[in-house]
Every structure is written in structure tokens, then in C-alpha cells.
Amino acid sequence: MSRLLLMEVAMKEEIPELYEIYFGGSVPIYYDEKVPFIVVGTSSKMSKNAAVEFIRGCENFKEYHKELFGIEVKSFVTDEKNFKNIKNWWNYFHPNGIYG
């Protein structure tokens, strides 16, 4: 079972507000366990709480990830249009060294 799925299940029970931001279906997300890193695409459908979370660099997601797994996660926030244009996030980030 992936860490993201474990996190989703735990977050739904423990922090429903954060669960809604990341897993409520209003923003696209991508998670890679190798680094690990998460990419979030902002959208007009996201809540004000989501906007604050993303402006802060996904800080609550990072804290919860570290609490659950003992591993720091990097983050990158972009808009939904750009999110959909990138086909391979690993290739996008790795050579460019872009992380939040």
C-alpha cells in the first residue's frame, strides 16, 4: 500500500479539513515516493483554506507526512493548467532541481 493512500485514510479520520483540501477532488495532486515529493495544481474550485495551505508551501501536509512516516516531503504548487501539461514530474524536477 502506498504512503499516499495510508496518509489519505489517516488524514480522513484525524484531520478532515486537511483531507478535504488534498483528497476532496477540487485540486489535482501528484505524489512520488522516491524523493518523496508532492505536486499540487491550484484551481478555481479550491477553498480558501486550500489557498492558504498552498501559499504556505503545503506546510500542514508536510508536517503530517513527517509525523506519520518520519520522512520529510518536498512540495511544489502550480496552477491546474500547468499541472495537466506536465507528463512526467520526475523528469521535470530532477534535472532542474526544482523543489519547494
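Residues numbered from 1 in each chain as written. Predicted model: local features only at pLDDT ≥ 70, side-chain atom pairs only at ≥ 80, totals over all residues. Heavy atoms only, no water.

Peer 1: Please give an account of the overall build of the protein that cites residues and values.
Peer 2: Secondary structure assignment for the protein yields six helices and three strands. Secondary structure elements of the protein, listed N to C terminal, follow the sequence α-α-β-β-α-α-β-α-α. What you see for the protein is a C-alpha radius of gyration of 13 Å, in line with the 13 Å of a compact globule of 100 residues. Projecting the C-alpha coordinates of the protein onto the three principal axes gives extents of approximately 35 × 30 × 25 Å. Looking at the protein as a whole, 38% of its 100 residues are labelled buried. Of all intrachain contacts in the protein linking residues separated by at least 6 positions in sequence, the fraction that spans at least 24 positions is 60%. Side-chain charges in the protein split into 12 positive and 14 negative, and the spacing between the mean points of these groups amounts to 8 Å. (Helix = DSSP H or I, 4+ residues; strand = E, 2+ residues; numbered from the N terminus. Rg over C-alpha atoms; globule rule 2.2 N^0.38 Å. Buried < 20%, exposed > 50% of the residue type's maximum accessible area, 1.4 Å probe, protein only. Contact = heavy atoms within 4.5 Å. Lys, Arg positive; Asp, Glu negative; His and termini not counted. Charge placed at Lys NZ, Arg CZ, Asp CG, Glu CD.)

Peer 1: Explain a nonpolar patch on the surface to me, and be specific about the residues and the numbers.
Peer 2: Taken together, the side chains of Met 1, Leu 5, Leu 6 and Val 9 present a nonpolar region at the surface, about 410 Å² in accessible area. Mapping Met 1 onto the fold places it in the segment before helix H1 (3–14). (Patch = residues over 30% accessible without salt bridge, like charges linked within 9 Å, V, L, I, M, F, W, Y side chains within 5 Å. Areas by Shrake-Rupley, 256 points an atom, 1.4 Å probe, with all protein chains shown as cover. Salt bridge = Lys/Arg side-chain N within 4 Å of Asp/Glu carboxyl O.)

Peer 1: Before we move on, can you summarise the pattern of salt bridges with the specific residues and values?
Peer 2: Opposite charge on two side chains permits them to pair, given that their charged atoms come into close proximity. Overall, the coordinates contain three salt bridges when judged by the stated rule. For Glu 59, the salt bridge identified is with Arg 56, shortest N-O distance 3.7 Å. Given the relative accessible area of 30%, Glu 59 is considered partly exposed. Here Glu 72 makes a salt bridge to Lys 66, at a shortest N to O gap of 3.5 Å. On the basis of relative accessible area, Lys 66 is assigned to the partly exposed category, the value being 40%.

Peer 1: I'd love a proper account of the packing of aromatic side chains, names of residues and values included.
Peer 2: Within the structure shown, the criterion is met by 13 aromatic pairs. Ring centres 5.9 Å apart and planes at 45 degrees place the aromatic pair Tyr 30 and Phe 37 in the tilted group. Among the residues examined, Tyr 30 registers a relative accessible area of 28% and is labelled partly exposed. Clustering of aromatic rings is evident, with ring pairs tying together Tyr 30, Phe 37, Phe 76, Phe 83, Trp 89, Trp 90, Tyr 92 and Phe 93. Sitting above the plane of the Trp 90 ring, Lys 34 keeps its charged end 5.2 Å from the centroid. (Phe/Tyr/Trp six-rings, centres within 6.5 Å; stacked < 30°, edge-to-face > 60°. Lys NZ or Arg CZ within 6 Å of the ring centre and 35° of its normal.)

Peer 1: Talk me through the side chain of Thr 78; I want residue IDs and the actual numbers.
Peer 2: Assignment of secondary structure puts Thr 78 in strand E3 (residues 74–79). Taking the relative accessible area as the measure of exposure, Thr 78 reaches 10% and is therefore buried. A polar side-chain atom of Thr 78 sits 2.8 Å from a polar atom in the side chain of Asn 82. Apart from the residues lying within four places of it in its own chain, the contact partners of Thr 78 are Val 39, Val 40, Gly 41, Thr 42, Phe 83 and Trp 89. (Polar contact = N/O pair within 3.5 Å; in protein donor to acceptor, adjacent residues only side chain to side chain.)

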